[in-house]
Amino acid sequence: MPLTSGAALLYLLAAVLFIWGLHQLSSPRHARRGNLVAALGMVIAFGTAIPALHHAPINLVLMALAILIGAPVGAVAARRVKMTAMPQMVASFNGVGGGAAALVSVVEFLRAPGGGSVGLVLAIPVVFAVVIGAVSFAGSGIAYAKLQEWMRGTPITYPGQQPVNGAIVLAILVLGVLLVTTGVGPFALLALLLLSLGLGVAFVLPIGGADMPVVISLLNAFTGLAVAGDGFVVGNPVLIVGGTLVGASGTFLTKMMSDAMGRSLGNLLFGAFGTVLVSPQAAAGEGGRSVRSGSAEDIGTLLAYAQRVIIVPGYGLAVAQAQHAARDLADQLETRGVAVDYAIHPVAGRMPGHMNVLLAEANVPYDQLKEMDAINDAFRSADVALVVGANDVVNPAARSTPGSPIYGMPILNADQAKTVVFLKRSMRPGFAGIDNELLYDPRTILLFGDAKDSLTKLVAAVKAA
Amino acid sequence: MNPHLVSEISIFVLAVFLGFEVIAKVPTILHTPLMSGSNAIHGVILVGAMAIMAGAHGPLEQALGFLAVVMATINVVGGYAVTDRMLEMFRSRTGPRRGAP
């Protein structure tokens, strides 16, 4: 589909704005502006695409209608979602993007002269976009379900899983080659689409819920690549540039995220196969192991007379929306001369940076948020490590137990503090589904309850101490 | 052979390098907003969906195109809105405020 030079130049401008915007997004000072710059690029690209529809008025109306449906859905979902559910939201937007990419190629394939059998040059990107787009769509759906806790977060494996997945991949390859080289028609494409959806599901199923952020980043890159493929199919450079930007940067970001977790990407994506996983039953406080639980008053006193307290926030804090209560507690302690810091593990919460966003929402001063490397040595001199709704990020098994799913992940040295206090809802294991020996340590005290409730009680207790 | 193909491939190759370079130095704190922001950028598939609609003949193509536009629009609008929300948090960071009176 040849573009007029005017349109081509405008698309180039849009692409430049994407590049510039993305670059700004990687710098804290300019990040918000970067997003706006990229949005401007999107508006220009959108505006440039409209004139092509002027000789198909019915389709123009349909398109306008589709936009009128999609825009409010996206806007409302984005505004309403709680920050704790934000990873799933990103997954869902990514999924629909991937789905759209697959559909665009499907339609182009159907439209090609020859009734659905196309030449090599078109077939390759079509197959690519359909497969990758569908994998991303289905995979994002599973990621959403795991994060939303509609499915259990532990990796789902079954006997024969590897051969089954292998068979799906093989079938996709065969169909792809057939579509590209011979004149097989639309039903082959449909089969390819369905198989790819299946692959998306099969790919994400055996990955643990705690690793979903990395998976979403990878699927984000996939969708970008599918969009780039569509750029070749449709002949539009802004799709090629925009899609490839996201594909390349997304792949890089995925690697950075898995590095932050101390896990190799291969282990994360395929590690569940053939391993003996600790079953959730065995993990959840094996019958009769005792833990030391305390009252808010006792712990409040402990905190009030400490010199240094390090707060370790986790997903439980986010779920209970306890970030403001945490800040209140920190303030109270500071008026008593206690030094307070927050130790932020790279993957605390659900995604890197998630905890920082939540605490910023509660106006916690930026300089109290310490990254893991900056604060890890300080635990040794801390009187109390207050672990609020976090579990896996302080689990010593990561250092000591080679068979553990979290082995090798860098953790916060909470166990080096003089006393460790856990605020937990129950003895249920953390997202990785494994037991945490630190909970049973004689120096550890547990305060059971909702994080917000517990923290509020602690504030009162510190005031009274 | 599509005369534009060579230039399209060149653009693709350059874009790959750009994609890596452009986010080479992103701090951990921005990983999530960056992922969300790039998520929004791949919503440019909307342009592709619009191109599909421009040439759609018959109810099947129109229906699939319609669906593609709805999905792409959700990606674009939702993506930018969610990213902006995340980045809003960074705005009040220019001077750390100690909240205790």
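Everything numeric in this text was worked out from a predicted model, so none of it was measured.

So, how was this worked out
Residues numbered from 1 in each chain as written. Chains lettered and ligands numbered in written order. Predicted model: local features only at pLDDT ≥ 70, side-chain atom pairs only at ≥ 80, totals over all residues. Helix = DSSP H or I, 4+ residues; strand = E, 2+ residues; numbered from the N terminus. Buried ≥ 20, exposed ≤ 12 C-beta atoms within 10 Å, placed from the backbone. Contact = placed C-beta atoms within 7 Å. Domains from an automatic or database assignment. Axes fitted to C-alpha atoms, helices over the stretch in contact; angles between N-to-C directions. Parallel < 35°, antiparallel > 145°, perpendicular 65-115°, else oblique. Left-handed = near helix turned anticlockwise from the far one by under 90°. Nonpolar A, V, L, I, M, F, W, Y, C, P; charged D, E, K, R; others polar. pLDDT = per-residue confidence, 0-100. Core = buried A, V, L, I, M, F, W, Y, C linked by C-beta atoms within 7 Å. Expected span 1.5 Å × (residues − 1). Arc of directions from axis to C-beta. Pairing = 2+ DSSP bridges.

### Quick word on the overall build of chain A
Then step 1. Along chain A, the regular secondary structure elements total 18 helices and six strands.
Then step 2. When its C-alpha atoms are laid out on the principal axes, chain A stretches across 80 × 50 × 35 Å.
Then step 3. Relative to its 465 residues, chain A shows a buried fraction of 55%.
Then step 4. Across chain A, the fraction of contacts at a sequence separation of at least 24, relative to all contacts at a separation of at least 6, is 78%.

### Topic: the overall build of chain B
Then step 1. Secondary structure summary: chain B contains four helices and zero strands in total.
Then step 2. The linear arrangement of helices and strands in chain B, starting from the amino end, is α-α-α-α.
Then step 3. Here chain B holds 101 residues, and 53% of them are scored as buried.
Then step 4. The contacts of chain B with a sequence gap of at least 6 include a subset with a gap of at least 24, amounting to 61%.

### Digging into the domain arrangement of chain A
Then step 1. When the domains of chain A are assigned, the result is domain 1 (1–80), domain 2 (86–277) and domain 3 (289–464).
Then step 2. Centre-to-centre separation of domain 2 of chain A and domain 3 of chain A, based on C-alpha positions: 37 Å.

### As for the interface of chain B and chain A
Then step 1. At the interface, 81 residues of chain B touch 101 residues of chain A.
Then step 2. Breaking the side of chain B that touches chain A down by element, the ones donating at least two residues are α1 (5–22), α2 (31–41), α3 (45–54) and α4 (58–91) of chain B.
Then step 3. Element by element, the count of residues in the side of chain B that touches chain A is highest for α4 of chain B, at 29 residues.

### A look at the packing of helix α4 (residues 86–111) of chain A against α2 of chain B
Then step 1. The geometry of α4 of chain A relative to α2 of chain B is characterised by a closest axis approach of 10 Å and an angle of 20° between their N-to-C directions. Taken together, the axis directions place α4 of chain A and α2 of chain B in an arrangement best described as roughly parallel. For the crossing formed where α4 of chain A meets α2 of chain B, the hand is left-handed. Counted together, Val90, Phe93 and Asn94 of chain A of α4 of chain A and Met35, Ser36 and Asn39 of chain B of α2 of chain B form the full contact between these two elements.
Then step 2. Looking at the contact of α4 of chain A with α2 of chain B residue by residue, the class counts come to three nonpolar, three polar and no charged.

### Focus: unusual backbone geometry
Residues and elements named next belong to chain A.
Then step 1. Positioned with a positive phi, Glu149 is a non-glycine residue whose angle comes to about 65°.
Then step 2. Tracing the chain through its elements places Glu149 in the loop between α5 (120–147) and α6 (161–181).
Then step 3. In the Ramachandran plot, Asn363 falls in the positive-phi region, its phi being about 60° despite a non-glycine side chain.
Then step 4. The class of Asn363 is partly exposed, set by 15 C-beta atoms lying within 10 Å.

### Concerning the environment of Leu195 of chain A
All names here are of chain A.
Then step 1. In this structure, Leu195 sits in helix α7 (residues 186–204).
Then step 2. Between the alpha carbons of Leu195 and Ser136 there is a distance of 13 Å; along the sequence they are 59 residues apart.
Then step 3. When residues no more than four places from it in sequence are discounted, the contact partners of Leu195 are Ile168, Ala171, Ile172 and Leu175.

### So, the confidence of the model for chain A
Then step 1. Residue-level pLDDT values for chain A average 85, and 92% of them are 70 or greater.
Then step 2. Predicted confidence for residues 274–287 of chain A stays below pLDDT 50, and this span has 17 contacts to residues more than four positions away or in other chains.

### Some words on the nonpolar core
Then step 1. In terms of nonpolar packing, the biggest core is built from 195 residues, with Val312 and Val387 of chain A together with Val69 of chain B touching the most fellow members.
Then step 2. Here this core gets 16 residues from one element, more than from any other, and that element is α5 of chain A.
Then step 3. Apart from the residues lying within four places of it in its own chain, the contact partners of Val312 of chain A are Ala343, Ala385, Leu386, Val387, Val388, Ala390, Val393, Val394, Leu412 and Ala414 of chain A.

### Comments concerning α6 of chain A
Count 3.6 residues to each turn of an α-helix, and residues three or four apart come out pointing the same way.
Residues and elements named next belong to chain A.
Then step 1. Look at α6: 30 Å from first C-alpha to last across 21 residues, which is about the 30 Å you get at 1.5 Å a residue.
Then step 2. Restricting attention to buried positions, one finds in α6 the residues Ile172, Leu175, Gly176 and Leu179. An end-on view of α6 places all buried positions within 105° of arc, on one side of the element. Every exposed residue of α6 that faces more than 90 degrees away from the buried side is listed here: Pro163, Gly166, Leu170, Leu173, Val177 and Thr181.
Then step 3. For α6, the elements touching its buried residues are α5 and α7.

### Overview of the confidence of the model for chain B
Then step 1. In the predicted model, chain B carries a mean pLDDT of 84, and 85% of its residues have values of at least 70.
Then step 2. For this predicted complex, the interface score ipTM comes out at 0.89, while the overall pTM is 0.79.

### Regarding the pairing of strand β1 (residues 308–313) of chain A
Residue and element names in this part refer to chain A.
Then step 1. In terms of residue burial, β1 counts as a mostly covered element, since five of its six residues are buried.
Then step 2. As paired elements, β1 and strand β2 (residues 339–344) share four bridges and run parallel to each other. Note on β2: the bridge partner recorded for Ile310 is Asp341.
Then step 3. Bridge count for β1 against strand β4 (residues 384–388) is five bridges, and the pairing is parallel. If you follow Ile310 over to β4, its bridge partner there is Ala385.

### Observations regarding the pairing of β2 of chain A
Then step 1. As judged from the three bridges shared by β2 of chain A and strand β3 (residues 369–371) of chain A, these two strands associate in the parallel manner. Bridging from a neighbouring strand, Tyr342 of chain A pairs with Leu369 of chain A of β3 of chain A.

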